[in-house]
Amino acid sequence: MRYVSTRDKKLNMTAAQAIATGLSRDGGLFTPESFPIVSMAEIGELCKADYRARAVKIMKLFLDEFSEEEIAGFAAKAYSDNYDTADSAPLRKLDDKTAFLELWHGPTCAFKDMALQMLPHLLTASLKKTGETRQVCILVATSGDTGKAALEGFKDVEGTSILVFYPEDGVSDVQKLQMTTQEGENVGVCAVKGNFDDAQSGVKAIFSDEQLRAELDGRGYFLSSANSINWGRLLPQVVYYFSAYCDMVNADLVSLGDKVNFCVPTGNFGNILAGYYARKMGLPVNRLVCASNANNVLTDFIKTGTYDRNRPFHTTVSPSMDILISSNLERLLFDLSGMDDEQIREWMAKLNSEGRYTVTGEVKAGLDAVFSGGFCDDDMTRETIGKLYKERGCLIDTHTAVAYKVLCDYRAETGDNTPAAVVSTASPYKFCGAVLEAIGETADAPGLELVDKLSAATGTVIPKPLEALRSKTQRFRESVEKTEMKEVVKGFLK
Ligand SMILES: *Cc1c(COP(=O)(O)O)cnc(C)c1O
């Protein structure tokens, strides 16, 4: 199995090289050259296996240089008692044709854990296989979820260190507490005075600083990132689509071989792309419904074939989907265009210069054959949470609510009542304020008090990782100007 760059398919690598490299030099994303097929008999076998075994079976198909034992070792570390459920990705049935695929039972209560608990093991093994002797330092600028999930994933992983910058005024109380109390010997957390863009552009400047790079190299370090364009973050996500299908069969929502739909709350297009790859591998998926919030650039793209980021940016109650450039869409376009790297280069250049591009009729037809899209604004998100809670006793977070509402709209519009899984990406406790308001409570207290209030109001249990924050000591208090970030990196990697 070789991996090629979406912008130059002559550039091809092994899995370990692609994971160790991250982003291709030409700006493209590494993508498998072909996709293995999983037969219905094999899917039947997966139905009897637990999540870890399912992960080993699916991931092995893409990782030639890794032995099954090696991957089983990673899975045992990534998906075990760091999850508060026996199964790392449990399916919760709502009715005869609808279920939630809950991906938020890991250490940070959001779905990024599914990939970031696995990535550090894949990355360190890949670095060894490619002969890298320096120590990797993961540098992250975060608007909330990713930073904490990366910290939890990389904490105390040998041969790595991780430094996270977050905007001082751009994350919630709970998110700040989650990061500043982070445990582990190889971790660093630092606030940046300013907003997310300040933190992000500071990190970008550090990555492109050749002098700093040389200096760190001399000390035996190199910098890398943990963002969702790395193949090592995408691959673990393919697993839970197979797992969800098996659990739908096991729960009698469908019979083995019947098709299902998935509805996915989408930001950077990583999650739903993994579903597309699972479908390509033979998983019986009818349609993938792409759900957006008021930042509905993908809804428009799926309807019209024109991607246009020239529009106002909205700050919403589902902040992890507040994105106008969905990086992983590039991988889908590469596939739908028949791996036309020249075409991808042209569209991405246009996105850069004009903020928009229009795909060919062929690509649009490929898109129409699989994807539907819809969006849901903040008022409707809150209404959906309130209604589902009051009428069915089911409490969901804001991102999941966007997807659930879009699925309901899709069914009403198309009459397609294929059994569907709504991909549930965060615990309602992670977005307490908005969830409390949605069920008719006020949300005027600081961080952990809101967590208590949600528990008291709904009689639901506070997730352990959030409960545990109470007894943790604050380790990281540093707050710097954007211009001082480079010094923080140097001090961290002494
Ligand atoms: C990151 C995130 C998303 C969006 O996922 P993508 O892979 O970027 O499309 C949705 N919901 C939550 C809670 C997230 O953290």
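Residues numbered from 1 in each chain as written. Predicted model: local features only at pLDDT ≥ 70, side-chain atom pairs only at ≥ 80, totals over all residues. Heavy atoms only, no water.

Q: Tell me what's going on with the nonpolar core, and back it up with residues and numbers.
A: Ranked by internal contacts, the top residues of the largest apolar core, which has 112 residues, are Phe 242, Phe 262, Leu 333, Tyr 357 and Phe 371. With 13 residues, the single largest contributor to this core is helix α11 (residues 231-250). When sequence neighbours within four positions are dropped, the list of residues in contact with Phe 371 reads Phe 269, Ile 272, Tyr 276, Arg 287, Leu 288, Ile 302 and Leu 332. Leu 388, Cys 394, Val 435 and Leu 436 belong to the second-largest nonpolar core, a separate cluster that totals 36 residues. (Core = buried A, V, L, I, M, F, W, Y, C linked by side-chain atoms within 4.5 Å. Buried < 20%, exposed > 50% of the residue type's maximum accessible area, 1.4 Å probe, protein only. Helix = DSSP H or I, 4+ residues; strand = E, 2+ residues; numbered from the N terminus. Contact = heavy atoms within 4.5 Å.)

Q: Quick rundown of unusual backbone geometry? Include the residues and the values.
A: In this model, Asp 156 sits at a positive phi of 60 degrees, which is unusual for a non-glycine residue. Looking at the element boundaries, Asp 156 is found in the loop between α7 (145-154) and β7 (160-167). Phi angles above zero are rare outside glycine, and Asp 252 is one such case at about 65 degrees.

Q: Kindly report on the packing of α11 against helix α12 (residues 270-280), identifying the contributing residues and their values.
A: Relative orientation of the contacting elements α11 and α12 amounts to 60 degrees, with a least axis distance of 8 Å. Taken together, the axis directions place α11 and α12 in an arrangement best described as oblique. Handedness of the α11/α12 crossing: right-handed. Here Trp 231, Leu 234, Gln 237, Val 238, Tyr 240, Tyr 241 and Phe 242 of α11 lie close against α12, whose contacting residues are Gly 270, Asn 271, Ile 272, Leu 273, Ala 274, Gly 275, Tyr 277 and Ala 278. Partitioned by chemical class, the residues of the contact of α11 with α12 number 11 nonpolar, 4 polar and no charged. (Axes fitted to C-alpha atoms, helices over the stretch in contact; angles between N-to-C directions. Parallel < 35°, antiparallel > 145°, perpendicular 65-115°, else oblique. Left-handed = near helix turned anticlockwise from the far one by under 90°. Nonpolar A, V, L, I, M, F, W, Y, C, P; charged D, E, K, R; others polar.)

Q: For the site of the ligand, give the residues involved together with the corresponding values.
A: In the vicinity of the ligand there are 15 residues, among which Lys 112, Gly 267, Asn 268, Asn 271 and Thr 425 approach most closely. Between Lys 112 and the ligand, the recorded distance is 2.6 Å, taken from a side-chain N or O atom to an oxygen atom. Against a free-state accessible area of 390 Å², the protein chains account for coverage of 96% of the ligand. A per-class count over the shell around the ligand returns 5 nonpolar, 8 polar and 2 charged. (Near = heavy atom within 4 Å. Polar contact = N/O pair within 3.5 Å; in protein donor to acceptor, adjacent residues only side chain to side chain. Areas by Shrake-Rupley, 256 points an atom, 1.4 Å probe, with all protein chains shown as cover.)

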